[in-house]
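# Structural characterization, general
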Protein chains: 2
Amino acid sequence: MDHPVYNFNAGPAVLPKPVMLKAQEEFVNYRGCGYGIIEESHRAANFDEVIQAAEANLRKLMGISDDYEVLFLQGGASLQFAMIPMNLMIPGKKIAVCDTGEWSHKAMKEMKILGADVDLVFDGSANKFSAIGDVKSWKFDQDAAYAYICANNTIYGTEYHEYPDTGNVPLVADMSSDIMSHVIDVNRFGLIFAGAQKNMGPAGVALVVIRKDLPARCPETVPTMLRYSTHIKSKSLFNTPSTFGIYMIRLVTDWMLEQGGVPAIQKKNEAKAAKLYAAIDNSPMFRGTCCKCSRSNMNVCFRIGEGNEELEKKFVAEAKAAGLIGLKGHRAVGGLRASIYNAMPEEGVDTLIAFMDDFAAKNA
Amino acid sequence: MDHPVYNFNAGPAVLPKPVMLKAQEEFVNYRGCGYGIIEESHRAANFDEVIQAAEANLRKLMGISDDYEVLFLQGGASLQFAMIPMNLMIPGKKIAVCDTGEWSHKAMKEMKILGADVDLVFDGSANKFSAIGDVKSWKFDQDAAYAYICANNTIYGTEYHEYPDTGNVPLVADMSSDIMSHVIDVNRFGLIFAGAQKNMGPAGVALVVIRKDLPARCPETVPTMLRYSTHIKSKSLFNTPSTFGIYMIRLVTDWMLEQGGVPAIQKKNEAKAAKLYAAIDNSPMFRGTCCKCSRSNMNVCFRIGEGNEELEKKFVAEAKAAGLIGLKGHRAVGGLRASIYNAMPEEGVDTLIAFMDDFAAKNA
């Protein structure tokens, strides 16, 4: 193999090489203190500097104003599926949901367990979740407690390229798999959340960006750890957070700023995705699985023919042997998937395309 | 300084040096796979081997039988304060609580938010939480849903040296700060939980050991992520867990087995604690803050005189300059505290004692 191993897993996923090397270098002796940051107290000055820098970097990269709080929580996006309705639902008011696949289903399931009424504004099941559709045509009842979307769908490979206008209804978005991959206007959202393990850092940290007026909705009956107000008051240090995870987010966001911030990274992401989709579209063997209108720049889903499972298995195995890891599609849909997050270098995509062309030629 | 830096923080805390070096060595290239375990999918064979080894190690070290499930969760002990009553409370039945300080208060607060009735079996506030008292005299109503204790109290420096007999009432224990520091009989407990960041690994993983009959109590109204049954069914992989944290637990438990397991570690812990308490008791300057009957082998709390805050401040600052970190007592009680978990080498305790003697002589 004349290239490094490229990791196309959907998450946990590849991290920027300079970040990995820096974390390794200071792992047992953080900036000369004599022990690792992973061993440091979350109340110590060393860690205080880390969490403040991580928040400042995120505010800069995403353009988060003082109208929003930035929280580092645990439990991943899946715990947010419960925390969001626990904190934001309003008795007698519906939650408007745009259903674009498995992750919005999981979020809806928790809303229903908690007794909320769901108003399905968009139902992607009609087209098997292969397209987001025309968000401009979506109608939001202005009496809804909030509206909910999943910004990028890792399993189906679809992504919102524009966001719906929900009027005065706070828009809540799961951005786990495309956060900071492209420029957004945070002010259009009531709450943005994301598991860190795709574009931001390792598994075990969930970022929540929440508009300051929203946490007051939470009823007294919600346990302390599940209230946003708890974590706001204590600046994400109500209890011991995932300190090493937050440290890694700080390093990743430092790296993103060095890259020129989100606009520069977006440009690279668009170029990587365009290249890979062109290779699929121009190939006699491969075909993309979703509508061109909604293709994700993060998770490129494709199949061999109409779904040749034997050949797909062979593809995954031979790719792995060639140092291209994690190309199997999600078990819910099968097929193939290349996750090309911020940290995937363009050379990784080029190497994958060369492998695909070679595989197609050999297995025509 | 003619010795390494010793980190006496109460948690996150010192990790075994060989574990830190091993994690550093393989950080960017895990066992030759070409990338780090922190970048690996939680569904991949590499991580599957890690989580299975971590569980097998814990079962061996703690003597956990097949009657119990072992779970790696997120949210720390603080989320368990809510999850335990959500899953185990029974309408109309009380929860028996033994109150030994701040951590049991926090657990009780969540029980009450969730509408449970608390039966205070022991109230340590009368002696300002300086002693656990005679657990043999405690009476447990056999109609209680469960009984609750905090096995080691980091803030007050007290620890149970025997556990109460609760009869048929399942005993739930917060062992965050003394898990695997001494031999216990898991079969006496219904549920044991512990944040990893003291004796097991980094912050961001909570271990739960639960008797298999208990999760069935959970009502349908509890969100999916907050049900033990969810994590049992999916073997802690319902969503992405803190993969790097679990990897570190695997390394720490490998190291513990190499040390001779919990009995050998207990012997070392008792020797370290005995030495440090003797130094305090024999000193003209220092005094222990809690009853000798309940002294913790993990968190040694002491003061200068009756609480000479000026001199204590000087002690903490000069100790830090001498490479002895994290000796300030918890902000709730003040004073001094040395946390001497499994990973603190005996040389660290010896160095601290020498510093204390020297400080006492110079500031007599």
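Residues numbered from 1 in each chain as written. Chains lettered and ligands numbered in written order. Predicted model: local features only at pLDDT ≥ 70, side-chain atom pairs only at ≥ 80, totals over all residues. Heavy atoms only, no water.

Scanning the entire structure with this criterion turns up two disulfides over all chains. Here Cys291 of chain A connects covalently by a disulfide to Cys293 of chain A, the sulfurs 2.3 Å from one another. Across the S-S bond of Cys291 of chain A and Cys293 of chain A the torsion is about 130°, and the bridge reads as right-handed. There is no disulfide at Cys98 of chain B, and the cysteine sulfur nearest it, in Cys150 of chain B, is 11 Å away. Residue classification places Cys98 of chain B among the buried positions, given a relative accessible area of 0%. Among the cysteines around Cys301 of chain B, which has no disulfide bond, Cys290 of chain B carries the closest sulfur, lying 6.6 Å off. A relative accessible area of 7% means that Cys301 of chain B is categorised as buried. (Disulfide = S-S within 2.5 Å. Buried < 20%, exposed > 50% of the residue type's maximum accessible area, 1.4 Å probe, protein only.)

What follows concerns the sheet that holds strand β12 (residues 299–304) of chain B. Residues and elements named next belong to chain B. If you walk across this open sheet you meet the three strands as β11-β12-β14, and the pairing is antiparallel. Edge strands, defined here as strands with exactly one partner in the open sheet, are β11 (286–288) and β14 (336–339). Sheet twist, expressed as the mean angle between neighbouring strand axes with direction ignored, is 35°. The pairing of β11 with β12 spans three bridges and is classified as antiparallel. Opposite Gly288, over in β12, you have Phe302 as the bridge partner. Seen against the sheet, helix α7 (residues 261–281) touches β11, β12 and β14 and runs at an angle of roughly 10° to β12. (Pairing = 2+ DSSP bridges. Helix = DSSP H or I, 4+ residues; strand = E, 2+ residues; numbered from the N terminus. Axes fitted to C-alpha atoms, helices over the stretch in contact; angles between N-to-C directions. Contact = heavy atoms within 4.5 Å.)

Our focus in this paragraph is the relation of the copies chain B and chain A. Overlay of chain B on chain A (RMSD 0.0 Å): rotation 180°, translation along the axis 0.0 Å. Taken together, the rotation and translation describe the operation of a two-fold axis. (Least-squares fit on C-alpha atoms with pLDDT ≥ 70 in both.)

All names here are of chain B. The side-chain alternation of β14 yields two buried faces, one formed by Leu336 and Ala338 and the other by Arg337 and Ser339. Relative to β14, β12 runs antiparallel, the two being bridged by four bridges. Counterpart to Phe302 in the pairing with β14 is Leu336.

With 58 residues of chain B at the contact, the number on the chain A side is 58 residues. Taken together, the two surfaces of chain B and chain A that pack against each other cover about 4600 Å², and 60% of this comes from carbon and sulfur. If you look at where chain B meets chain A, you find zero salt bridges. Linking chain B with chain A are 15 residue pairs in polar contact (both at pLDDT 80 or more), by the criterion used here. Sort the elements by how many residues they give to the side of chain B that touches chain A and helix α1 (residues 17–25) of chain B lands first, with six residues. Grouping the amino acids of the side of chain B that touches chain A by side-chain chemistry returns 29 nonpolar, 20 polar and nine charged. (Buried area = accessible area lost by both parts, 1.4 Å probe. Salt bridge = Lys/Arg side-chain N within 4 Å of Asp/Glu carboxyl O. Polar contact = N/O pair within 3.5 Å; in protein donor to acceptor, adjacent residues only side chain to side chain. Nonpolar A, V, L, I, M, F, W, Y, C, P; charged D, E, K, R; others polar.)

Before going further, it helps to examine the packing of aromatic side chains. In this structure the tally under the stated criterion is 36 aromatic pairs over all chains. Measuring from centroid to centroid gives 5.3 Å for Phe315 of chain A and Phe355 of chain A, while their planes differ by 65°, and the two rings are edge-to-face. Within this pair, whereas Phe315 of chain A is found in helix α8 (residues 309–321), its partner Phe355 of chain A is found in helix α9 (residues 346–362), the two being separated by 40 residues in sequence. Taking 5.2 Å as the distance between ring centres and 85° as the angle between the ring planes, the aromatic pair formed by Phe315 of chain B and Phe359 of chain B counts as edge-to-face. Of this pair, Phe315 of chain B sits in helix α8 (residues 309–321) while Phe359 of chain B is found in helix α9 (residues 346–362), placing the two residues 44 residues apart along the sequence. (Phe/Tyr/Trp six-rings, centres within 6.5 Å; stacked < 30°, edge-to-face > 60°.)

What follows concerns α7 of chain B. Residue and element names in this part refer to chain B. For α7, which comprises 21 residues, the first-to-last C-alpha distance of 30 Å matches the rise-based estimate of 30 Å (1.5 Å per residue) to within 8%. Buried within α7 are the following residues: Gly261, Val262, Ile265, Gln266, Asn269, Lys272, Ala273, Leu276, Tyr277, Ala279 and Ile280. For α7, the angular spread of the buried residues around the axis is 160°, confining them to a single face. α7 presents Pro263 and Lys267 as exposed residues on the side facing more than 90 degrees away from its buried surface. Buried-residue contacts for α7 involve α2 (45–62), α6 (243–258), β11, β12, β14 and α9. (Expected span 1.5 Å × (residues − 1). Arc of directions from axis to C-beta.)

This part is about the pattern of salt bridges. Residues and elements named next belong to chain A. Per the counting criterion, the structure on display carries 30 salt bridges over all chains. Asp350 is paired through a salt bridge with Lys275; the nearest N and O atoms lie 2.7 Å apart. Placement of the pair is Asp350 in helix α9 and Lys275 in helix α7 (residues 261–281), with a sequence separation of 75 residues. Judged by relative accessible area, Asp350 falls into the partly exposed class, the value being 32%. With relative accessibility at 28%, the residue Lys275 sits in the partly exposed group.

Here we take up the sheet that holds strand β11 (residues 286–288) of chain A. Residue and element names in this part refer to chain A. Pairing within the open sheet is antiparallel, and its three strands lie in the order β11-β12-β14. In this open sheet, the two edge strands, each paired with only one partner strand, are β11 and β14 (336–339). Strand-to-strand twist in this sheet, taken as the mean axis angle between neighbours without regard to direction, amounts to 35°. α8 contacts β11, β12 (299–304) and β14 of the sheet and is inclined by roughly 130° relative to β12. Along the sheet, α9 contacts β11, β12 and β14; its crossing angle with β11, the most-contacted strand, is approximately 130°.

Residue and element names in this part refer to chain A. The buried fraction of strand β9 (residues 191–195) amounts to five of the five residues, a majority that puts the element mostly inside the structure. The two faces of β9 match: Leu191, Phe193 and Gly195 on one face and Ile192 and Ala194 on the other face are all buried. Here strand β8 (residues 171–174) pairs with β9 via three bridges, running parallel. By the bridge assignment for β9, Ala173 is matched with Ile192. Sheet topology note: the β9/strand β10 (residues 206–211) ladder contains five bridges and is antiparallel. Residue pairing in the sheet places Ala194 in a bridge with Leu207 of β10.

With that settled, consider the domain arrangement of chain A. All names here are of chain A. Here chain A is partitioned into domain 1 (19–258) and domain 2 (262–362). Each of domain 1 and domain 2 has a C-alpha centre, and the two are 27 Å apart. Facing the 25 residues of domain 1 at the interface are 24 residues of domain 2. Taken together, the two surfaces of domain 1 and domain 2 that pack against each other cover about 1900 Å², and 57% of this comes from carbon and sulfur. Together, Ile155, Gly157 and Ser181 form the three largest contributors to the area buried by domain 1 at its contact with domain 2, with a combined 23%. Here domain 1 and domain 2 share zero salt bridges between them. Between the two partners, domain 1 and domain 2, sit 13 residue pairs in polar contact (both at pLDDT 80 or more). (Domains from an automatic or database assignment.)

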